[in-house]
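Structural overview
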Amino acid sequence: MSGHERHDRKAAEVRRMLETGRPAVPGDLVPRATELGVRLLHRRRAVHRVLWTLLFAAVVVFTVWASVAHPWAVPPAETTPPLEW
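Before going further, it helps to spend a moment on a nonpolar patch on the surface. Together, Val-47, Val-50, Leu-51 and Leu-54 make up a nonpolar patch on the protein surface, roughly 370 Å² of accessible area in all. Here Val-47 shows up in helix H2 (residues 29–69). The exposure class assigned to Val-47 is partly exposed, which follows from its relative accessible area of 42%.

Looking now at H2. For H2, built from 41 residues, the straight-helix expectation of 60 Å at 1.5 Å per residue is met to within 8% by its first-to-last C-alpha distance of 59 Å. His-70 occupies a position one or two residues after H2 and carries a positive phi of about 50°.

Let's shift gears to the environment of Glu-13. Position of Glu-13 among the secondary structure elements: in helix H1 (residues 3–19). Residues Glu-13 and Trp-52, spaced 39 residues apart in sequence, show a C-alpha to C-alpha distance of 51 Å.

Take the pattern of salt bridges next. Going through the model one piece at a time under the given rule, you end up with two salt bridges. Where Asp-28 meets Arg-32, a salt bridge forms, and the shortest distance between an N and an O atom there is 3.4 Å. Classification of Asp-28 as partly exposed rests on a relative accessible area of 37%. With its nearest N and O atoms 3.2 Å apart, the salt bridge here joins Glu-35 to Arg-39. Here Glu-35 pairs with Arg-39, and both are found in helix H2, just four residues apart, close to one helical turn.

Thresholds applied
Per chain, the residues get numbers from 1 upward, laid out in the order the sequence is written. In keeping with the predicted nature of the model, local features appear solely for residues at pLDDT of at least 70, side-chain atom pairs appear and are counted solely at 80 or more, and the whole-chain, interface and lining totals rest on all residues. Side-chain numbers come from the whole structure's heavy atoms, not from hydrogens or water. A patch consists of residues whose relative accessible area exceeds 30% and which take part in no salt bridge; residues with like charges are grouped when within 9 Å of each other, and nonpolar side chains (Val, Leu, Ile, Met, Phe, Trp, Tyr) when within 5 Å. Surface accessibility follows the Shrake-Rupley procedure with a 1.4 Å probe radius. Residue values consider only the protein chains on display as shielding. Any Lys or Arg side-chain nitrogen located within 4 Å of an Asp or Glu carboxyl oxygen qualifies as a salt bridge. Numbering of helices and strands starts at the N terminus; helices are DSSP runs of H or I of at least 4 residues and strands are runs of E of at least 2. Accessibility here uses a 1.4 Å probe with only protein chains present; expressed as a share of the type maximum, an area under 20% marks a residue as buried, one over 50% as exposed, and anything in between as partly exposed. Each residue after the first adds 1.5 Å to the expected span of a helix.

What follows is the structure, encoded as structure tokens:
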């Protein structure tokens, strides 16, 4: 199919789409869409709050563990060094 034929076919399809009437839109479309948007926004904010809370809790748990366990300290030797007199 040549480029000219493809262009003619697409132009005819666009003309046909423009000639048909506009589709019927439900009268309550705007309130439903607004309600859905508000619900999604609230859900997104709730998820962000939960994630920030979990992050804060993880930081607190890590800080408490690190202050008790001292992971940066060298562990004591398992055997004692030999005594030399």
